[in-house]
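Take a look at the letters that make up each chain.
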Amino acid sequence: MNKNVSNASTGAVDSTNVEENGRPVESDVKYFTLEEIKEHNMSNDTWIVIHDKVYDITRFLEEHPGGEEVLLEQAGGDATESFEDVGHSTDAREMLQQYLVGEVHMEDRSKDSAKKEPQTSPKETSSWTSWLIPALIATIVGIICRYYMSDRSS
Ligand code: HEM
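Please read these numbers as outputs of a predicted model, since none were measured by experiment. (Residues numbered from 1 in each chain as written. Predicted model: local features only at pLDDT ≥ 70, side-chain atom pairs only at ≥ 80, totals over all residues. Heavy atoms only, no water.)

Asker: Tell me about the overall build of the protein, and please be specific about residues and values.
Answerer: Helix and strand counts for the protein come out as six helices and seven strands. Mapped from its N terminus to its C terminus, the protein presents α and β elements in the order β-β-β-α-β-β-β-α-α-α-β-α-α. Here the protein holds 154 residues, and the buried ones make up 24% of them. Taking all contacts inside the protein whose residues are at least 6 apart in sequence as the whole, residues at least 24 apart take part in 58%. Put simply, the protein shows about 11,200 Å² of open surface, and 55% of that area lies on carbon and sulfur atoms. (Helix = DSSP H or I, 4+ residues; strand = E, 2+ residues; numbered from the N terminus. Buried < 20%, exposed > 50% of the residue type's maximum accessible area, 1.4 Å probe, protein only. Contact = heavy atoms within 4.5 Å. Areas by Shrake-Rupley, 256 points an atom, 1.4 Å probe, with all protein chains shown as cover.)

So this is what it looks like as structure tokens:
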């Protein structure tokens, strides 16, 4: 049960990992903080994050069909958006597996998702305008009807 207990600083974690195409991907998955990941931003030591997973792509730089420049621009940071924007093939996604070195520390993940939360607030403002406008229209129609009725009765 307590397989995934993280150490507070470097957070080494034991984990039974996924199998890919029947091949078990043997690993000692570790958790890294964004601070630690940021240090691996050189061409001879390149890490990137994609979907909260950390990849050491140093030996892949020269092989990348999209060139090493684009990868180096993302070095030490989160490349999820750029990776998804390109629309990488399933083959590309499967290739990722061989460069996996760990995952982003849970605490750093929650910071990211907290950033995304404010996106819900504009919805709240639009929800009250969505009933206010019909209510105003109904009131105006009501007033017009009253005038019309009182005109007919006099
Ligand atoms: C380790 C992560 C990555 C892997 C394994 C990978 C793999 C690949 C592969 C196999 C292709 C050939 C097309 C395909 O099969 O989809 C490709 C193309 C490409 N990749 Fe990546 N990629 C990675 C990360 C990135 C990132 C982070 C970016 C952008 C910042 C990027 C930008 C591109 C571009 C622009 C192409 C198109 C090249 C072309 O069509 O001329 N890739 N990548």
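Now that the structure is up, let's keep going.
Asker: Go over the coordination of the iron atom of the ligand, please, and point to the residues and values.
Answerer: Protein coordination at the iron atom of the ligand comes from His64 (NE2) and His88 (NE2), with a distance range of 2.0 Å. Around the iron atom of the ligand, the six donor atoms sit at angles spanning 86 to 178°, and that spread fits a shape best called octahedral. Taken together, the residues histidine 64 in the loop between β6 (53-56) and α2 (68-74) and histidine 88 in the loop between α3 (80-86) and α4 (90-96) connect sequence positions 24 residues apart. (Donors = N, O, S within 2.8 Å, 3.2 Å for Na, K, Ca; no water. Tetrahedral: all angles 85-135°; square planar, octahedral: opposite > 155°, others 65-115°.)

Asker: Tell me about the site of the ligand, residues and numbers included.
Answerer: Taken together, 19 residues are adjacent to the ligand, and His64, Leu71, His88, Ser89 and Leu96 come closest. Here a nitrogen atom of the ligand and a side-chain polar atom of histidine 88 are 2.8 Å apart. In a pocket analysis with a 2 Å cut-off to the grid points, the ligand is assigned to the largest pocket. Residue assignment for the shell around the ligand shows that the elements contributing at least two residues are β5 (45-50), α2, α3 and α4. Classifying every residue of the shell around the ligand by side-chain character gives 13 nonpolar, six polar and no charged. (Near = heavy atom within 4 Å. Polar contact = N/O pair within 3.5 Å; in protein donor to acceptor, adjacent residues only side chain to side chain. 1 Å grid on protein atoms, 1.4 Å probe; cavity = no way out; pocket = protein on both sides within 12 Å on 5 of 7 lines; lining within 4 Å. Sits in = over half its atoms within 2 Å of the grid points. Nonpolar A, V, L, I, M, F, W, Y, C, P; charged D, E, K, R; others polar.)

Asker: How would you summarise the nonpolar core if you had to cite specific residues and measurements?
Answerer: Core analysis: the biggest nonpolar cluster contains eleven residues, these being Ile48, Ile50, Tyr55, Ile57, Phe60, Leu61, Leu71, Ala79, Phe83, Leu96 and Tyr99. With residues near it in sequence (within four places) discarded, isoleucine 50 still touches Tyr55, Ala79, Thr80, Phe83 and Leu96. If you look at the next biggest cluster of nonpolar residues, it comprises six residues, including Trp47, Val49, Val54 and Val104. (Core = buried A, V, L, I, M, F, W, Y, C linked by side-chain atoms within 4.5 Å.)

Asker: How would you explain a nonpolar patch on the surface if you had to name every residue and give the values?
Answerer: A cluster of nonpolar residues, Trp131, Leu132 and Leu136, forms a patch on the protein surface that exposes about 320 Å² of accessible area. Assignment of secondary structure puts leucine 132 in helix α6 (residues 121-153). (Patch = residues over 30% accessible without salt bridge, like charges linked within 9 Å, V, L, I, M, F, W, Y side chains within 5 Å. Salt bridge = Lys/Arg side-chain N within 4 Å of Asp/Glu carboxyl O.)

Asker: How would you sum up the layout of surface pockets? Please name residues and give values.
Answerer: Here the largest pocket is characterised by a volume of approximately 370 Å³. Per element, the largest residue contribution to the lining of the largest pocket is four residues, and it comes from α2. (Points joined across faces, edges and corners; volume = space filled by probe spheres on them.)

Asker: Give me the pairing of β5: which residues, what numbers.
Answerer: Counted residue by residue, β5 has five buried out of six residues, so it is predominantly covered. For strand β4 (residues 41-42) and β5, the ladder comprises two bridges, and the chain directions are antiparallel. Directly across from methionine 42, in β5, lies its bridge partner aspartate 45. Pairing of β5 with β6 involves four bridges; the strand directions are antiparallel. Paired with tryptophan 47 across the strands is aspartate 56, a residue of β6. Joining the antiparallel neighbours β5 and β6 is a turn of two residues, in which histidine 51 adopts a positive phi near 50°. (Pairing = 2+ DSSP bridges.)

Spatial relationships are all this shows, so hold off on functional conclusions.
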